[in-house]
Amino acid sequence: MNNNLAIYQDGKDNKKPIIFIHGFPFDHFTWYKQVNFLKSTYHCITYDIRGLGESPAGNGQFTMELFVDDLFSIINDLNLEKPVICGLSMGGYIALRAVEREQGKFGGIILCDTKSEADSNEGKLGRAAAIKNVDKNGARGFVEGFIPKCFTEKFITLNKKEYEEILDRYITSDPVGIKGCLLAMAGRTDTTNFLPKINIPALLICGGEDRITPPDVMMAMAGKIPGSKFLIIPEAAHLSTFENEKPVNLSISDFLDNINGV
Ligand code: MLT
């Protein structure tokens, strides 16, 4: 089932489903603050994207389409009825492409710290350099350079233990999985032209201090999605859902409560 993906379910499966799709190079763990808040009211599904966390990398030949296939296989195998999908960064790329492929499958979309544009040439060269770095220094080489950019300096200073636990968790990632995700992101399509065609409820969330997918980029994206809501999370960078979970949780729960039939 599900290509051996590691899948986690919290809350009763007769409640309305929400699937959380994590960012790169993280895993399902990064959603625990949302899951703990929502699990008494919703059926919360998290999983590890192929090659990350506990999901095996296999041959490491990943594409964004394969990631979307994996998401659809979870929806089918768990018999989920119109789930809301909530994706952060790379998880947002997967969510946007999944909705572009089959909008009718979903009850709503939540996009956190992400963008619709494909990689620029500069971005692709950055992925190539990151792959070389992983070949030379293992996952640690990439993770130690990237994860500090996902948080505010204040968070890193004030939450040293929590931050170091995160670093420790991801420096042991499978290098094959890391490289596969980099290739999948470099080769993904651009979903910008699809944004005006989104006709399911949409919520966009962005850390006010996100330097990877900054608020102005997400505000422009929200401007193209009819009827969408956009929220800036103060005192948070790229991993806004983890860094300042309270306003995130309230906005997600308000969004879910207001979706018809959810
Ligand atoms: C992520 O957080 O998932 C990554 O920053 C996405 C990316 O590298 O484009």
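A few points on the structure. Here the residue numbers are simple positions, counted from 1 along each chain's written sequence. For a predicted model such as this one, the threshold for reporting local features is a pLDDT of at least 70, and the threshold for listing and counting side-chain atom pairs is 80 or more; totals across whole chains, interfaces and linings nevertheless cover every residue. Working from all heavy atoms in the structure, the side-chain values ignore hydrogens and water.

Attention shifts here to empty space enclosed by the protein. Only protein atoms enter the 1 Å grid, on which a cavity is a set of points fitting a 1.4 Å probe that cannot get out and a pocket is an open set with protein on both sides within 12 Å along at least 5 of 7 lines, lining residues being those with an atom within 4 Å of a point. Grid points are joined across faces, edges and corners, and a volume is the space filled by probe spheres set on the points. Taken as a whole and assessed by the stated rule, the structure comprises one cavity of 30 Å³ or more. Its volume calculated, the largest cavity comes out at about 60 Å³. Residue lining of the largest cavity: Met64, Tyr93, Leu96, Arg97, Lys115, Ser116, Glu117, Arg188, Thr189 and Thr191, and that is the complete set. Each helix is a run of DSSP H or I of at least 4 residues and each strand a run of E of at least 2, with the numbering of both proceeding from the N terminus. Top element by residues in the lining of the largest cavity is helix α3 (residues 90-102). It accounts for three residues. Following the grouping adopted for this structure description, the nonpolar residues are Ala, Val, Leu, Ile, Met, Phe, Trp, Tyr, Cys and Pro, the charged ones are Asp, Glu, Lys and Arg, and the polar ones are all others, Gly among them. Considering only residue class, the lining of the largest cavity consists of three nonpolar, three polar and four charged.

On to the pattern of salt bridges, then. The rule for a salt bridge is simple: a side-chain nitrogen of Lys or Arg has to be within 4 Å of a carboxyl oxygen of Asp or Glu. Inspection of every chain in the model, using the stated rule, returns 15 salt bridges. The residue aspartate 70 makes a salt bridge to arginine 50 at a minimum N-O spacing of 2.8 Å. Here aspartate 70, found in helix α2 (residues 64-77), pairs with arginine 50, found in the loop between β3 (43-47) and α2; they are 20 residues apart in sequence, far enough to count as distant. Residue classification places arginine 50 among the buried residues on the basis of a relative accessible area of 18%. Among the salt bridges present, the one from glutamate 165 reaches lysine 161, with a minimum N-O distance of 3.5 Å. One end of the pair, glutamate 165, and the other, lysine 161, are both in helix α6 (residues 160-171), four residues apart, so they sit about a helical turn from each other. Classification of residues uses two cut-offs on accessible area relative to the type maximum, computed with a 1.4 Å probe and protein chains only: under 20% is buried, over 50% is exposed, and between them is partly exposed. Judged by relative accessible area, glutamate 165 falls into the partly exposed class, the value being 45%. Linked by salt bridges that have partners in common, Glu65, Asp69, Arg97, Glu100 and Arg101 make up one network.

This next bit is on the layout of surface pockets. Approximately 400 Å³ is the volume found for the largest pocket. Contributing to the lining of the largest pocket are 20 residues, with Tyr93, Asp119, Arg127, Phe146 and Ile212 lying nearest its centre. Contributions of two or more residues to the lining of the largest pocket are made by α3, α4 (121-146) and α7 (175-186). Tallied by class, the residues present in the lining of the largest pocket amount to ten nonpolar, five polar and five charged.

Further remarks concern the packing of aromatic side chains. Planes of paired rings set the category: under 30 degrees apart is stacked, over 60 is edge-to-face and the rest tilted, where pairs are Phe, Tyr or Trp rings (Trp by its six-membered ring) whose centres lie within 6.5 Å. The full count for this structure, using the stated rule, is 13 aromatic pairs. Relative to phenylalanine 242, the ring of phenylalanine 155 has its centre 6.5 Å away and its plane inclined at 75°; by these criteria the two rings are edge-to-face. Of this pair, phenylalanine 155 sits in helix α5 (residues 153-158) while phenylalanine 242 sits in helix α9 (residues 240-243), placing them 87 residues apart in sequence. Both residues of the pair, phenylalanine 155 and phenylalanine 242, count as buried. Through a chain of ring-to-ring contacts, the aromatic side chains of Phe29, Tyr32, Phe151, Phe155, Tyr163 and Phe242 assemble into a single cluster. One residue, lysine 33, lies across the ring of phenylalanine 242, its end atom 3.9 Å from the ring centre. Sitting over the ring of tyrosine 93, arginine 188 keeps its end group 3.7 Å from the ring centre. Either the NZ atom of lysine or the CZ atom of arginine qualifies as a charge over a ring when it sits within 6 Å of the ring centre and within 35 degrees of the ring normal.

Moving on, we come to the environment of glycine 208. On the secondary structure map, glycine 208 appears in the loop between β6 (202-207) and α8 (215-224). Separated by 32 residues in sequence, glycine 208 and serine 240 have C-alpha atoms that sit 8.4 Å apart. Here glycine 208 is in contact with Pro215, Ile232, Ile233 and Ala236, once residues within four sequence places are set aside. Residue contacts are defined here by distance: any two heavy atoms, one from each residue, within 4.5 Å place the two residues in contact.

Throughout, the term near means that a residue has one or more heavy atoms lying within 4 Å of the molecule or strand in question. As a matter of local geometry, the ligand sits amid Gly23, Phe24, Ser89, Met90, Tyr93, Arg127, Phe146, Met185, Ile212 and His238. Methionine 90 is positioned with one of its backbone polar atoms (N or O) 2.8 Å from an oxygen atom of the ligand. Burial of the ligand by the protein chains amounts to 93% of its free accessible area of 270 Å². Occupancy of a cavity or pocket is assigned to a molecule whenever over half of its atoms lie within 2 Å of that pocket's grid points. Its atoms largely coinciding with the cavity grid, the ligand occupies the largest pocket. Of all elements in the fold, only α3 and α4 reach the threshold of two or more residues within the shell around the ligand. Among the residues making up the shell around the ligand, the classes are represented as six nonpolar, three polar and one charged. For this analysis, a polar contact is any N or O atom pair within 3.5 Å, provided that within protein one partner can donate a hydrogen and the other can accept it, and provided that sequence-adjacent residues contribute only side-chain to side-chain pairs. Each accessible area is a Shrake-Rupley estimate made with a 1.4 Å probe; only the visible protein chains count as cover when residues are assessed.

Right, let's talk about the side chain of threonine 46 for a bit. Structurally, the position occupied by threonine 46 is in strand β3. Among all residues touching threonine 46, those that are not within four sequence positions of it are Ala6, Ile7, Tyr8, Phe20, His28, Trp31 and Val35.

Here we come to the state of the cysteines. Note on terminology: pairs of cysteine sulfur atoms within 2.5 Å are recorded as disulfides. Taken as a whole, this structure holds zero disulfides when the rule is applied. Here cysteine 44 is not disulfide-linked; the sulfur of cysteine 86 is the nearest cysteine sulfur, at 10 Å. A relative accessible area of 0% means that cysteine 44 is categorised as buried. Between cysteine 112, a free cysteine, and cysteine 86, which holds the nearest cysteine sulfur, the sulfur-to-sulfur gap is 3.9 Å.

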